[in-house]
Amino acid sequence: MKIVTLIARVLLGLTFVVFGLNGFLNFIPQQPLPAGPALQFILALAATHYVHVVFAIQLIAGILFLVNRFVPLALTLIAPVIVNILLFHGFMAPSGILPGALVTIFWIILYVNHRHAFAGIFEARS
């Protein structure tokens with residue numbers, strides 16, 4: 001399990017460092033934009049510069065994964081990004097859901113390994 005966790009952490013880190021940096025440096029060629037609501041959503045995120053925050057979170061979390069420091073924090077930061085990737089592709093652009101599914105699997109593997117850090121949030125308080 002240790003090797004699987006290491007592989008998942010490194011792949012998750014590399015994925016988000018590359019795509020986080022790409023958001024700022026644009027070194028990966030842009031795919032054609034999807035039509036309809038997906039295009040409107042992407043244009044709204046770009047026009048409001050919301051994507052810069054998302055790319056920064058991806059970059060920070062990816063670096064934390066790669067250096068193996070504050071992994072529970074990185075898992076917490078990147079979880080909403082992954083949820084939005086899955087929702088975007090699930091509802092608006094289903095053809096691109098595979099990378100989102102893969103990072104979800106990597107996230108779950110890391111979460112299982114670090115679940116002790118999240119134990120307190122699942123305690124019912126009266």
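About the criteria used
- Residues numbered from 1 in each chain as written.
- Predicted model: local features only at pLDDT ≥ 70, side-chain atom pairs only at ≥ 80, totals over all residues.
- Heavy atoms only, no water.
- Helix = DSSP H or I, 4+ residues; strand = E, 2+ residues; numbered from the N terminus.
- Buried < 20%, exposed > 50% of the residue type's maximum accessible area, 1.4 Å probe, protein only.
- Contact = heavy atoms within 4.5 Å.
- Areas by Shrake-Rupley, 256 points an atom, 1.4 Å probe, with all protein chains shown as cover.
- Core = buried A, V, L, I, M, F, W, Y, C linked by side-chain atoms within 4.5 Å.
- pLDDT = per-residue confidence, 0-100.
- Phe/Tyr/Trp six-rings, centres within 6.5 Å; stacked < 30°, edge-to-face > 60°.
- Lys NZ or Arg CZ within 6 Å of the ring centre and 35° of its normal.

Participant: Explanation requested: the overall build of the protein chain in the structure shown.
Facilitator: Secondary structure summary: the protein chain contains 5 helices and 0 strands in total. Reading the helices (α) and strands (β) of the protein chain from amino to carboxyl end gives α-α-α-α-α. Taken along its principal axes, the extent of the C-alpha atoms in the protein chain is 45 × 40 × 25 Å. Out of the 126 residues belonging to the protein chain, those deemed buried represent 29%. Put simply, of all contacts in the protein chain between residues at least 6 apart along the chain, 66% involve residues at least 24 apart. Surface summary for the protein chain: the accessible area is close to 8,300 Å², and the carbon and sulfur share equals 74%.

Participant: How do you make sense of the environment of Val-112 when you look at a structure like this?
Facilitator: Mapped onto the elements, Val-112 comes out in helix 5 (residues 97-113). Along the sequence, Val-112 and Val-4 sit 108 residues apart, while their C-alpha atoms lie 11 Å from each other.

Participant: I tried to follow the nonpolar core on my own but got confused; where do I start?
Facilitator: A general tendency of soluble globular proteins is for nonpolar side chains to be buried together. Leu-12, Phe-16, Phe-65, Leu-75, Ile-78, Ile-82 and Trp-107 are the most contacted members of the largest nonpolar core, which totals 18 residues. Mapped onto this core, the elements with two or more residues apiece are helix 1 (2-25), helix 3 (50-67), helix 4 (71-91) and helix 5. Per-element tally for this core: the top contributor is helix 4, with 6 residues. Look past the residues within four positions of Leu-75 in its chain and what remains in contact with it is Phe-65, Trp-107, Leu-110, Tyr-111, His-114 and Phe-118.

Participant: Mind showing me how you'd approach the confidence of the model for the protein chain here?
Facilitator: Detailed reading of the predicted coordinates is not advisable wherever pLDDT is low. Confidence along the protein chain averages 95 in pLDDT terms, with 100% of residues attaining 70 or more. Looking at the elements of the protein chain, mean pLDDT is at its lowest for helix 2 (residues 37-47), recorded as 95, and at its highest for helix 3, recorded as 98.

Participant: Where do I start with the packing of aromatic side chains in this structure?
Facilitator: Both the distance between ring centres and the angle between the ring planes are used here to describe each pair of aromatic rings. Overall, the coordinates contain 4 aromatic pairs when judged by the stated rule. Ring geometry for Trp-107 against Tyr-111: centres 5.4 Å apart, planes inclined by 5°, an arrangement best described as stacked. You can see Trp-107 and its partner Tyr-111 sitting in helix 5, 4 residues apart, about one turn around the helix. With 5.3 Å between their ring centres and 45° between their planes, Tyr-111 and Phe-118 make a pair best called tilted. Through pairs of rings, three or more aromatic residues link up here, namely Trp-107, Tyr-111 and Phe-118. Over the ring of Phe-70 we find Arg-69, and its NZ or CZ is 5.6 Å from the ring centre.

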